[in-house]
Amino acid sequence: MANRTAKILDCETCSGTGEVIADWEKYLEQHEDALAECDDCDGKGTRSADPEHAHIREAS
Ligand SMILES: [Zn+2]
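The structure presented is a predicted model; accordingly, all values stated were derived computationally and were not measured.

Observations regarding the overall build of the chain
Of regular secondary structure, the chain possesses two helices and four strands. When contacts within the chain are restricted to residue pairs at least 6 apart in sequence, those whose partners lie at least 24 apart make up 53%.

So this is what it looks like as structure tokens:
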């Protein structure tokens, strides 16, 4: 029970923001649409650390 929160990690792809920079030119000009939803965490900024997903990363 105490370790329940340890199963959720910050997404490494977007550093926990849920967004990734899709267009650097727009990003530098501070356009709103420069950011896109992160595919790895579906825009949530966190991802599950459960073993079912872990083995996929090890395989590649
Ligand atoms: Zn992410």
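Here the narrative resumes.
Focus on unusual backbone geometry
Phi at Ser15 is positive, roughly 60°, even though this residue is not glycine. With respect to the helices, strands and loops of the structure, Ser15 is situated in the loop between β1 (8–10) and β2 (19–21). A tally of 12 C-beta atoms within 10 Å means that Ser15 is categorised as exposed. You will see that Asp42, though not glycine, has its phi angle at about 60°, which is positive.

Quick notes on the environment of Gly45
Note that Gly45 resides in the loop between β3 (35–37) and β4 (46–48). On the neighbour-count criterion, Gly45 (17 C-beta atoms within 10 Å) is partly exposed. In this structure the C-alpha to C-alpha distance between Gly45 and Cys11, which are 34 residues apart in sequence, comes to 5.4 Å. When residues no more than four places from it in sequence are discounted, the contact partners of Gly45 are Asp10, Cys11, Cys14, Gly16, Thr17 and Gly18.

Remarks on the confidence of the model for the chain
On average, residues of the chain score 83 in pLDDT, and 72% of them are at 70 or above. When pLDDT is averaged over each helix and strand of the chain, the minimum, 54, is found for helix α2 (residues 51–59) and the maximum, 97, for helix α1 (residues 24–28).

Conventions used here
- Residues numbered from 1 in each chain as written.
- Predicted model: local features only at pLDDT ≥ 70, side-chain atom pairs only at ≥ 80, totals over all residues.
- Helix = DSSP H or I, 4+ residues; strand = E, 2+ residues; numbered from the N terminus.
- Contact = placed C-beta atoms within 7 Å.
- Buried ≥ 20, exposed ≤ 12 C-beta atoms within 10 Å, placed from the backbone.
- pLDDT = per-residue confidence, 0-100.

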